[in-house]
Amino acid sequence: AVVSTQSTGSANELQSALSNGTWQPFNPETIRLMISMFDKDGNGTINFQEFGSLWKYINDWQNTFRYYDRDNSGSIDQNELQTAITSFGFRLSSKFYGLLMRK
């Protein structure tokens, strides 16, 4: 899919423009949430500038994930999760991390 600089993107257009890393489309609810987060003018779509902000947000999260996925497994294990959350300034119990991993 092509992202146009001239028009706005609907949920279907955004879903076509993005992949979740597995070459599968994002869940439609995820697309709606992304539009609601980045639709600054409130028209229910995202324009090119709003898409640029969304794209940066996604890339920033991917880079953060890759940084903490120390073994490059494509998954965050409990130790990697604990390292990430601790570096964000939170101090949580091992029992809590275990609970997070089960969820």
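For clarity, every value in this text was computed on a predicted model and none was experimentally measured. (Residues numbered from 1 in each chain as written. Predicted model: local features only at pLDDT ≥ 70, side-chain atom pairs only at ≥ 80, totals over all residues. Heavy atoms only, no water.)

Enquirer: Run through helix α2 (residues 28-38), naming residues and quoting values.
Expert: Of all the residues in α2, the buried ones are I31, M34, I35 and F38. Considered in projection along α2, the buried side chains sweep an arc of 100 degrees and stay on one side of the axis. Where the residues of α2 are buried, they touch α1 (11-17) and α3 (48-68). Here α2 starts with a cap whose side-chain oxygen sits 2.7 Å from the backbone nitrogen of E29, and that cap is N27. (Buried < 20%, exposed > 50% of the residue type's maximum accessible area, 1.4 Å probe, protein only. Helix = DSSP H or I, 4+ residues; strand = E, 2+ residues; numbered from the N terminus. Arc of directions from axis to C-beta. Contact = heavy atoms within 4.5 Å. Polar contact = N/O pair within 3.5 Å; in protein donor to acceptor, adjacent residues only side chain to side chain.)

Enquirer: Help me get a handle on the pattern of salt bridges, residues and values and all.
Expert: It is possible for side chains of opposite charge to pair when their charged atoms get near one another. Under the counting rule described, the total for this entry stands at two salt bridges. With a closest N to O distance of 3.1 Å, R32 and E29 form a salt bridge. Taken together, the residues span about one helical turn, with R32 and E29 both in helix α2 at a distance of three residues. (Salt bridge = Lys/Arg side-chain N within 4 Å of Asp/Glu carboxyl O.)

Enquirer: Can you explain the confidence of the model for the chain? Please cite residues and give values.
Expert: For the chain, the mean per-residue pLDDT works out to 85, and 86% of the residues sit at or above 70. Confidence scores differ between elements of the chain, with α1 showing the lowest mean pLDDT of 76 and helix α4 (residues 78-87) the highest of 94. This model gives residues 1-5 a pLDDT under 50, and the stretch forms seven contacts once residues within four places in sequence are excluded. (pLDDT = per-residue confidence, 0-100.)

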